Amino acid sequence: MNNHTPYPKHDMDAILGGRRLRRNRRADWSRRLVRETKLTVDDLIWPIFLVDGTNVRQDVASLPGVQRLSVDQAVIEAERAAGYGIPALALFPFTEPSLRDPSGSEALNPDNLVCQACRAIKAAVPEIGLITDVALDPYTSHGHDGVMSGHVILNDESVAVLVGQALNQAAAGADVIAPSDMMDGRVGAIRQALDDQDMTDTQIMAYSAKYASAFYGPFRDAIGTSKTLIGDKRTYQMDFGNSDEAIREVELDIAEGADMIMVKPGMPYLDIVRRVKDEFAMPTFVYQVSGEYAMIQAAAQNGWIDGDRAIIEALSAFKRAGADGILTYFAPLVAPMLSR
Ligand code: PBG
């Protein structure tokens with residue numbers, strides 16, 4: 001038996017003066033009424049992985065629930081996405097190793113996997129937006145986003161190839177060109193080239209503040225670069241210690257013609273999302289990357305967290321931080337749970 005007695009009750013009226021924030025939280029209707037931000041289907045961009053062949057679906061061990069899809073299967077999933085009301089897909093290829101070379105020349109092939117998928121999805125599901133990634137890593141034998149000389153990733157030489165890649169994707173029907181390579185000046189060069197080709201309506205979503213992150217691991221498994229990547233990407237992707245630099249990156253990309261900007265990864269960088277949104281008031285996107293997805297899935301599969309609730313909470317936090325939309329592998333899972 002213990003004889004702990006409660007501390008005498010305080011004079012709560014004196015402390016609170018009637019201000020009790022819990023009043024608004026008492027009932028569900030009230031919590032719904034005062035909720036400041038809300039996740040909807042309109043906030044979702046679904047990244048999907050492509051692989052060669054027909055009727056192929058390949059599991060990715062480090063991304064439970066995510067599969068590489070052949071183009072015909074990607075069309076089926078695009079139809080499903082459109083049915084849910086998901087506004088856009090982002091396409092990423094697993095390129096056959098035999099097609100990879102040091103300069104990433106398959107990126108310029110008008111019949112590469114991404115271009116095939118753009119044409120097939122546009123034909124079958126014209127209402128869904130298509131976002132294509134501009135970076136050479138799925139196509140290079142060394143796994144880097146640009147052209148490599150010795151151990152240096154060359155900036156201006158890379159931009160020349162990236163511009164070709166962007167034009168190739170736009171010609172295949174991509175609505176939004178999304179440079180994720182982090183070379184200096186690529187947004188301006190791509191905008192100029194698109195305009196020169198009369199593709200003035202093609203949008204650019206710049207991966208502006210993209211950090212050199214350990215959270216990209218499972219993505220590299222999915223596109224098959226984990227084993228081939230030589231070194232790391234720290235000479236072009238940002239240092240995770242920096243925040244002011246993100247502002248300068250975003251500022252330059254807007255000046256060069258970006259229509260939308262992105263912060264990546266997501267959850268460890270919510271401070272950057274908020275700063276960028278406040279500073280520029282631009283359409284601002286965030287990428288909940290593969291490692292974030294894998295962490296939530298792993299914990300949920302172990303029964304350590306409630307997966308569905310954690311997913312909605314994490315995605316809602318991006319909205320609260322100021323994001324207008326989220327690239328997330330959870331898109332097809334959460335879409336049916338959300339209102340339009
Ligand atoms: C390619 C690219 C990467 C991601 C998107 N585009 C990987 C990288 O930079 O190495 C990562 C996405 C994810 O982890 O989900 N430049």
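None of the values given here were measured: they were computed from a predicted structure.

*Asks:* I tried to follow the site of the ligand on my own but got confused; where do I start?
*Replies:* Looking at the ligand, the residues that line it are Asp133, Ala135, Asp137, Asp145, Ser180, Tyr216, Phe219, Arg220, Lys233, Val289 and Ser290. Considering only residue class, the shell around the ligand consists of four nonpolar, two polar and five charged.

*Asks:* How do you make sense of helix H8 (residues 244-255) when you look at a structure like this?
*Replies:* Its 12 residues place the ends of H8 17 Å apart at the C-alpha level, agreeing with the 16 Å of an ideal helix rising 1.5 Å per residue. Turning to H8, its buried residues are Ala246, Glu249, Val250 and Asp253. Around the axis of H8, the buried residues are gathered within 95° of arc, so they sit on the same side. Turned more than 90 degrees from where H8 packs its buried face, Asp244, Arg248 and Ala255 sit exposed. Directly beyond the C-terminal end of H8, a positive phi value near 115° is found at Gly257.

*Asks:* Help me out: how do you make sense of unusual backbone geometry in this one?
*Replies:* Among all residues save glycine, negative phi is the norm, and among peptide bonds the norm is trans. In this structure, the amide linkage connecting Lys264 to the following residue, Pro265, adopts the cis form with an omega of -5°. With a phi close to 65°, Met182 is a non-glycine residue in the positive phi region.

What counts and what doesn't
- For every chain, the first residue of the written sequence is number 1, and numbering continues from 1 along that sequence.
- Totals for whole chains, interfaces and linings use all residues, but because this is a predicted model, local features are given only for residues with pLDDT of at least 70 and pairs of side-chain atoms are given and counted only at 80 or more.
- The criterion for a residue being near a molecule or strand is simple: its C-beta atom, placed using the backbone, must lie within 6 Å of it.
- The residue classification treats Ala, Val, Leu, Ile, Met, Phe, Trp, Tyr, Cys and Pro as nonpolar and Asp, Glu, Lys and Arg as charged. All others, Gly included, are polar.
- We count a stretch as a helix when DSSP gives it H or I for four or more residues in a row; a strand needs E for two or more, and each element gets its number in order from the N terminus.
- In this analysis, the expected span of each helix is defined as 1.5 Å times one less than the number of residues it contains.
- Partly exposed residues are those whose C-beta has more than 12 but fewer than 20 other C-beta atoms within 10 Å; with 20 or more the residue is buried, with 12 or fewer it is exposed, and the C-beta atoms are placed from the backbone.
- By arc we mean the arc of the directions from the helix axis to the C-beta atoms, nothing more.

Bear in mind that shape data such as this cannot, by itself, settle questions of function.
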